[in-house]
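# Survey of secondary and tertiary structure
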Amino acid sequence: MRKIGILFGQENTFPQAFIDRVNEKIKDQGIKNMIAEAVLIETVEQAKSDEYAVIIDRISQDVPFYRAFLKNAAITGTAVINNPFWWSADEKFFNNALAEKVGVPVPKTFILPTSHRPPDTDENSFRNMKFPFNWEKMFETVGFPAYMKPHDGGGWKSVYRVESPEDLWTKHGETENLVMMLQEEINFTEYFRCYVLNTDKVHIMQYEPRNPHHLRYVIDGPPVKQDTLDLVEKYCIRLNKALGYDFNTVEFAIRDGVPYAIDFCNPAPDADIHSVGQENFDWIVENAANMAIEKAKQYKKGKMNLTWGTFVKNQITGKKTPLK
């Protein structure tokens, strides 16, 4: 039996809709020995976790126990979506650097030292850091207003708009041990949030991040130039091929016709019908079900069935193809 599982937390609409749609497709296509269900964990023993051919991960970013469970499942052969090893190593500042290397525009960005010393450190722990830090160079490059956000966070948590150096000092002091990024503000004319499945299937949604959460997905928005949509789709695929994410959202702000990737590390993206709307919800349920079934068909017992991005694979194979 090739089982497709979904691991989830507080969300209610997507998981059951996904399970139901997968099982409907399995029945309609006459697929034998395959079923979708909610993951149920009784025990986790090292190197013994081959119950599922595929697991869709929607919650391990919040529950470390689940991340350990998924890595154990992956090493025994489960195709975990998204790859828990890469997700554990991933963070937004590195992703920005990778985006530059693969030719996707991103805002000018610097990483900041923490405002508080990490536990068990003192002044000697920072002897390799030049004092005073060159804040002026950052301010001149990024400009104000700017955004300050965690280098590895998500869900719009601890995101600040800063108007001046003085405003930054005040708000930076509130972040304590968080490692923050200072990022150029992109004054955009259009904004898109895009589902990307299997690294190359893209669904572009008009989005307004300045609206309340339940009103951010734009219904019947103004027409968009096809050239812009084509470029957004191309950049989505380029980023996700490099990262190796099978289930992600990518956000783009359009300034002077150029799509800037603003946020593209969302491996458990919002898929709730009440926020994304019926049309977007139907798309993600349908296409996530198709992807999961295909992954289950491709599953090879006892083999590593994870997706790895070209950034990692090229380092292993020694491939020297141009990044851009």
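Just so it is clear, the model here is predicted, and its values are computed rather than measured.

### Quick word on the packing of aromatic side chains
Given two aromatic rings, one states the distance between the centres and the angle between the planes to describe the pair. Evaluation of the coordinates by the stated rule reveals 17 aromatic pairs. Residues Y195 and W283 carry aromatic rings whose centres are separated by 6.2 Å and whose planes lie at 5° to one another, so their mutual orientation is stacked. Taken together, the residues span a long stretch of sequence, with Y195 in strand β9 (residues 190–197) and W283 in helix α9 (residues 278–298) at a distance of 88 residues. Grouping residues by exposure puts Y195 and W283 together as buried. Among the aromatic residues, ring-to-ring pairing joins F133, W135, F139, F144 and W169 into one connected group. Its guanidinium or amino end placed over the ring of Y52, K3 lies 4.9 Å from that ring's centre, counting from NZ or CZ. The ring of F247 has R58 sitting right over it, with the charged end atom 5.3 Å from the ring centre.

### Structural notes on the sheet that holds strand β1 (residues 2–7)
Pairing is parallel in the open sheet, where 4 strands are placed in the order β2-β1-β3-β4. Every interior strand has two partners, whereas the edge strands, β2 (34–38) and β4 (79–81), have only one. Strand-to-strand, the axes of this sheet are offset by a mean angle of 15°, without reference to chain direction. Where strand β3 (residues 54–57) and β4 come together, 3 bridges link them in parallel fashion. Bridge pairing in β4 links I55 to V80. Together, β1, β2 and β3 form the strand contacts of helix α1 (residues 13–28), whose direction differs from that of β2 by roughly 170°. Across the sheet, α9 touches β1, β2, β3 and β4, and the angle it forms with β1 is around 135°.

### Section: the pairing of strand β12 (residues 258–263)
Looking down a regular strand, the side chains alternate between one sheet face and the other. Most of β12 is tucked away: 5 of the 6 residues are buried. With 5 bridges connecting them, strand β11 (residues 247–255) and β12 associate as antiparallel partners. Bridge pairing in β12 places R255 opposite V258.

### What about the side chain of H172?
Within the secondary structure layout, H172 lies in helix α6 (residues 165–174). Relative accessible area serves as the criterion here: at 6%, H172 is assigned to the buried category. A polar contact is formed between the side chain of H172 and the backbone oxygen of P113, at a distance of 3.0 Å. Discounting chain neighbours no more than four positions away, the residues touching H172 are L112, P113, T114, S115, W135, M148 and M180.

What counts, and at which threshold
Residues numbered from 1 in each chain as written. Predicted model: local features only at pLDDT ≥ 70, side-chain atom pairs only at ≥ 80, totals over all residues. Heavy atoms only, no water. Phe/Tyr/Trp six-rings, centres within 6.5 Å; stacked < 30°, edge-to-face > 60°. Helix = DSSP H or I, 4+ residues; strand = E, 2+ residues; numbered from the N terminus. Buried < 20%, exposed > 50% of the residue type's maximum accessible area, 1.4 Å probe, protein only. Lys NZ or Arg CZ within 6 Å of the ring centre and 35° of its normal. Pairing = 2+ DSSP bridges. Axes fitted to C-alpha atoms, helices over the stretch in contact; angles between N-to-C directions. Contact = heavy atoms within 4.5 Å. Polar contact = N/O pair within 3.5 Å; in protein donor to acceptor, adjacent residues only side chain to side chain.

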